[in-house]
Amino acid sequence: MAALESPLPGTPTAMRNAFGNVLSVLILVLIGVLAFSIRLFSVIKYESVIHEFDPYFNYRVTQFLSKNGIYEFWNWFDDRTWYPLGRVIGGTVYPGLTLTAGTIWWGLNSLNIPLSVETVCVFTAPVFSAFASWATYLLTKEVKGSGAGLAAAALLAMVPSYISRSVAGSYDNEAVAIFALIFTFYLYIKTLNTGSLFYATLNALAYFYMVCSWGGYTFIINLIPMHVLLCIVTGRYSPRLYIAYAPLVVLGTLLAALVPVVGFNAVLTSEHFASFLVFIIIHVVALVYYIKGILSPKMFKVAVTLVVSIGMVVCFIVVAILVALVASSPTGGWSGRSLSLLDPTYASKYIPIIASVSEHQPPTWPSYFMDINVLAFLVPAGIIACFSPLSDASSFVVLYIVMSVYFSGVMVRLMLVLAPAACIMSGIALSQAFDVFTGSIKYQLGASSNSTDDAEDNTSTNNAPKDDVSAGKTDKGEEIVKERSSKKGKKKEREPADKPSVKAKIKKKALVLPLEASIVALLLLIMLGAFYVIHCVWAAAEAYSAPSIVLTSQSRDGLHVFDDFRESYAWLSHNTDVDDKVASWWDYGYQTTAMANRTVIVDNNTWNNTHIATVGTAMSSPEKAAWEIFNSLDVKYVLVVFGGLIGYPSDDINKFLWMVRIGGGVFPHIKEADYLRDGQYRIDSEATPTMLNSLMYKLSYYRFVETDGKGYDRVRRTEIGKKHFKLTHFEEVFTSHHWMVRLYKLKPPRNRIRGKAKKLKSKTSSGLSSKSAKKNPWV
Amino acid sequence: NPKSDSDLKNELVSLRSTAESGVISFNNDDVSKFITSVSTPRPYSLIIFFDAVHLHGNSQLRLPEFRREFRLVSATFITNNNNESNGTKLFFCEIESTHSEASFRRFAVESLPHISLVSPTTENLTESDQMDGGDFTGLAESMAEFVERQTKLTVCSIQRPPLISKTQIGIIVAIIIISTPILIKKILKGETLLHDHRIWLVGAVFVYFFSVSGTMHNIIREMPMYIKDYEDSSKFVFFIEESEMQLGAEGFFVGFLYTVVGLLLAFVTNVVVRVKKLDEQRMAMLLALSISFWAVRKVVYLDNWKTGYEIYPYWPSSWRG
């Protein structure tokens, strides 16, 4: 294109364009390296391990996929989790992440690069964060040009909110989903700018990939209809808008329905209804515009009345059907999490499990400073820059920032969706600011020399950006210009009057700022950027790199490592039978299945409230009642996490209130009041007898007094209430080095219990008794 | 002169009629006046909700929620006992800790939520009937059950007001039906406010300000705009030190700091650049840069004060020595 435009290859303009393109590519490569490298602190400081809880499940699924292939993966029924219910894996997971990692692993092994599945899983997130940076460049470039694109990409590579979900080892859905989200938006805007059906098809495919990857895909299928509706309402309808939207809804919904975990939810849940309504509206509008083109004004009015009336009737019918569907569902068709966004107080009222997750809490203002740092200051400038001038693409980005910042205010986890929008807006703001300040400096320096040659250089410099733009899209630019001119022609006479005055202003004086003020402003912006870099590196290195499976603390002697979790899972793996069942709170379910390879009762996929409540009830009950519950579930070992010795606050005693509430929500004989003293959960001498007799208390504090003679709990900062007690139905089999994980074995039933059990069984049906006889190996 | 029982009762009725939802606000003097100074048996019972504004942010206590439910019970009781005899036998009151610490001690309130029933024969306030912790789980219904159990008075079923009344729904539907054709016509002509870019610009910036201020946190946790100082009740506290919560005024102030920097940057790059006189440009830029610098520094300082986060620059080891 450059050659076509400028037949002389040696001209300065052509050289500058070529150099600019090469420089952009080089910068993008460096940004990718940066995005990858900044996420490696966890691997460098600890080792290449999977983090937290959910990623272990994803890793285990990927292992299964790589061994057994994709068809076995779809049909996989996992009997090692949620015992005795089990779980259909293929139909309940978002397969995007595991299929992506599995494909990468398969591809590398095909090339004889023998990486292990775990290695591929650990590094999937950093790799895709580089891809996300490049997608951000493409998206922002479509909105405001290459400069803004590069700035946004650099900011996204380092934004702490995104780092928190994509460090090496955090193998979770967001690792690939954020890339898919940004790429889908890029293709939507690309289609909007070009009117190309090719990009519309790619858009549907990208949306499909997003649906495969994360439940947050509902954000896309709600945001894009909002943008379409916004364009229609503000009089910006165009055939390009139709091409951008209609194929996405049709193909996107069909493809989404193919994903087993979504299935018919793609057409039945309220999250998707907005897209269908807007689909109808855009067809009505398209029909109106079409008729307007072929009919006389008088006939057009009649036709518009007819079309709009029919359209309204259809809309009302569809709304009535949707309302009926919604009314038949107790939650109105929305999932619990969506309701938490629409009604911020919903979760705390009705769903204790959702409210108990820390990432579902509303953030305070320090959260924004931590997660997007200086971008919080720059976003308003980006919003204003998008309005000058407002285009279809920039209006989409404004809508994206507005919706995501609102949702991030309700649920802190959605800071993750806000981060790309903040980076895009800040990139646009920085790019515009740098253009103005550097342009001013250049102009002022040139003016001071009063040289004719310098003046000519300035003139060519001012024209350079335009040349870049036109060079990039010659044909498309012409089309856009034509469309814009036609629109302007349709509008009123005001604009022709405005044009000359604007031109006159431009001619009168170049838009520049004083030299010294521009320099100071530039320096301050650079300092702001430096602050951002320092903060992001600190966040990556200190705040977000810990695997949580290995804990550390800093002391005078240096770094102290607590490896109790892996120690305990290794003990389970080596000292128990493969078919033994392990009961614990759901936080540790994924790790137990993945690292210890043992069957668990509940895990982090909190899909069955009753089952979790059963475990919660057992933990809250006295020893004998708990034993009976666990025995009926064929549990052989109970795993308890206890942080009282070293001060680890995320232990089971601190989670005990949720066991009581969730258990009590299903089994009424568990009453929270029985565990409260003056409205508080206490474990000291003032604790209630119910608390001191609960299984959780006993398993946590069994023999704890032996550690220091007083039984001082470093998390609760008090001495425990009941110090010397014996276990009657459970036997301690393992306690980790720092007492963080404690394992207990169910004792076989005593003779008197056997007698009682026999009597009890005679009262039940013969079928039940036979089942229990089979299940219970202790009888 | 000690007032007669009927005078006290009439005064309580009068206070209730002007109180929101009929919940009378008590302080130390009122406790003395209506409870401890009146000889038993008193002609009325009092049920008292103990509130502490500075604990509203604690989501585990759920004080704002219980307070709301308490008022609902009060309103329901008044509605269903509008006759003279039963309506004057029970009064709903609340005591807020910042005003009435002495009363908290007299009732031996050690933890919240706490609801006490002072029956006509109660002499020692520490022995007044207390609502059991488990009763709080059912909220208004449990409170009503507690009241009925202790006083033998009837509250009847709790009437929760609908978000939108039927009349309002009808009006809204009518407005929608009437205005839809008009709106469509205006949209087609491109004459609505929605076509003005400035409306969208102001709206977008406002939503941003609203969100980064942590306003949703204030709404969900029902945080007050400010609280009074513990030691000096004439002073107000606008910032609290806990990093996991914030006050309303605090959030808005920081949200303003977040927003103003971007607005000033946009002002410089879009407006000041068009000013003709260099001196005016210098003055405007100096002002914008100063305010922006101050705002950023202020946020950094407040964040450090609140969360302890500091800038940790990394230097090569060889430079450090």
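Residues numbered from 1 in each chain as written. Chains lettered and ligands numbered in written order. Predicted model: local features only at pLDDT ≥ 70, side-chain atom pairs only at ≥ 80, totals over all residues. Heavy atoms only, no water.

Where UniProt is consulted, chain A appears under the name Dolichyl-diphosphooligosaccharide--protein glycosyltransferase subunit STT3A, with the organism given as Arabidopsis thaliana. What the UniProt record of chain A gives under Catalytic activity is the line "a di-trans,poly-cis-dolichyl diphosphooligosaccharide + L-asparaginyl-[protein] = N(4)-(oligosaccharide-(1->4)-N-acetyl-beta-D-glucosaminyl-(1->4)-N-acetyl-beta-D-glucosaminyl)-L-asparaginyl-[protein] + a di-trans,poly-cis-dolichyl diphosphate + H(+)". Per UniProt, chain A has the following entry under Subunit: "Component of the oligosaccharyltransferase (OST) complex." (UniProt positions renumbered as here; feature names shortened; annotations may be inferred.)

Asks: Honestly, the interface of chain B and chain A in this entry has me stumped. Any pointers?
Replies: The figure often quoted for interface size is the accessible area lost as the parts come together. If you look at the interface, chain B gives 68 residues, while chain A gives 67 residues. Summing the contributions of chain B and of chain A, the shared interface buries around 6100 Å²; its carbon and sulfur component is 75%. Among the residues of chain B in contact with chain A, B:Tyr208, B:Tyr258 and B:Tyr309 are the three that bury the most area, contributing 11% of the side total. Counting the contacts that link chain B with chain A gives zero salt bridges. At the level of elements, helix 7 (166-189), helix 8 (197-212), helix 9 (215-221), helix 10 (248-270) and helix 11 (278-307) of chain B are the ones that each hand at least two residues to the side of chain B that touches chain A. (Contact = heavy atoms within 4.5 Å. Buried area = accessible area lost by both parts, 1.4 Å probe. Salt bridge = Lys/Arg side-chain N within 4 Å of Asp/Glu carboxyl O. Helix = DSSP H or I, 4+ residues; strand = E, 2+ residues; numbered from the N terminus.)

Asks: What exactly am I supposed to notice about helix 2 (residues 12-37) of chain A here?
Replies: Three- or four-residue spacings in an α-helix give side chains the same orientation, since the helix completes a turn every 3.6 residues. Between its terminal C-alpha atoms helix 2 of chain A stretches 37 Å, which fits the 38 Å expected from 26 residues at 1.5 Å a residue. For helix 2 of chain A, the complete set of buried residues consists of A:Ala14, A:Asn17, A:Ser24, A:Leu28, A:Ile31, A:Gly32 and A:Ala35. (Expected span 1.5 Å × (residues − 1). Buried < 20%, exposed > 50% of the residue type's maximum accessible area, 1.4 Å probe, protein only.)

Asks: Can you walk me through the pairing of strand 7 (residues 635-641) of chain A in this structure?
Replies: All names here are of chain A. Of all seven residues in strand 7, seven are buried, a share of seventy percent or more. Here strand 5 (residues 581-583) runs beside strand 7; their pairing, made up of three bridges, is parallel. Opposite Ala 583, over in strand 7, you have Val 638 as the bridge partner. (Pairing = 2+ DSSP bridges.)

Asks: Explanation requested: the environment of A:Val640 in the structure shown.
Replies: Residue and element names in this part refer to chain A. Summarising the element assignment, Val 640 is placed in strand 7. Given the relative accessible area of 0%, Val 640 is considered buried. For the pair formed by Val 640 and Val 741, sequence separation is 101 residues and the distance between their alpha carbons is 5.8 Å. Beyond its immediate chain neighbours, meaning those up to four positions away, Val 640 contacts Asp 652, Met 696, Leu 699, Ser 700, Met 740, Val 741 and Arg 742.

Asks: When you look at the packing of helix 22 (residues 392-410) of chain A against helix 8 of chain B in this model, what are you seeing that I'm missing?
Replies: The relative placement of two packed helices is expressed as an angle between their axes plus a distance between the axes. Interaxial distance between helix 22 of chain A and helix 8 of chain B falls to 9 Å at its minimum, and their mutual angle equals 25 degrees. The orientation of helix 22 of chain A relative to helix 8 of chain B falls into the category roughly parallel. As helix 22 of chain A packs across helix 8 of chain B, the resulting crossing turns out to be left-handed. Within the contact between the two elements, helix 22 of chain A uses A:Val398, A:Val402, A:Val405 and A:Tyr406 and helix 8 of chain B uses B:Ala204, B:Val207, B:Tyr208, B:Ser211 and B:Val212. Per-class residue counts for the contact of helix 22 of chain A with helix 8 of chain B are eight nonpolar, one polar and no charged. (Axes fitted to C-alpha atoms, helices over the stretch in contact; angles between N-to-C directions. Parallel < 35°, antiparallel > 145°, perpendicular 65-115°, else oblique. Left-handed = near helix turned anticlockwise from the far one by under 90°. Nonpolar A, V, L, I, M, F, W, Y, C, P; charged D, E, K, R; others polar.)

Asks: Mind showing me how you'd approach the sheet that holds strand 5 of chain A here?
Replies: Within a sheet, neighbouring strands are paired by backbone hydrogen bonds and run either parallel or antiparallel to one another. All names here are of chain A. The five strands lie next to each other as 6-5-7-13-12, forming an open sheet whose pairing is mixed. The outermost strands of the open sheet, each flanked by one partner alone, are strand 6 (599-600) and strand 12 (730-735). Lying over the sheet, helix 31 (residues 623-632) contacts strand 5, strand 7, strand 12 and strand 13 (741-746), oriented at roughly 75 degrees with respect to strand 12.

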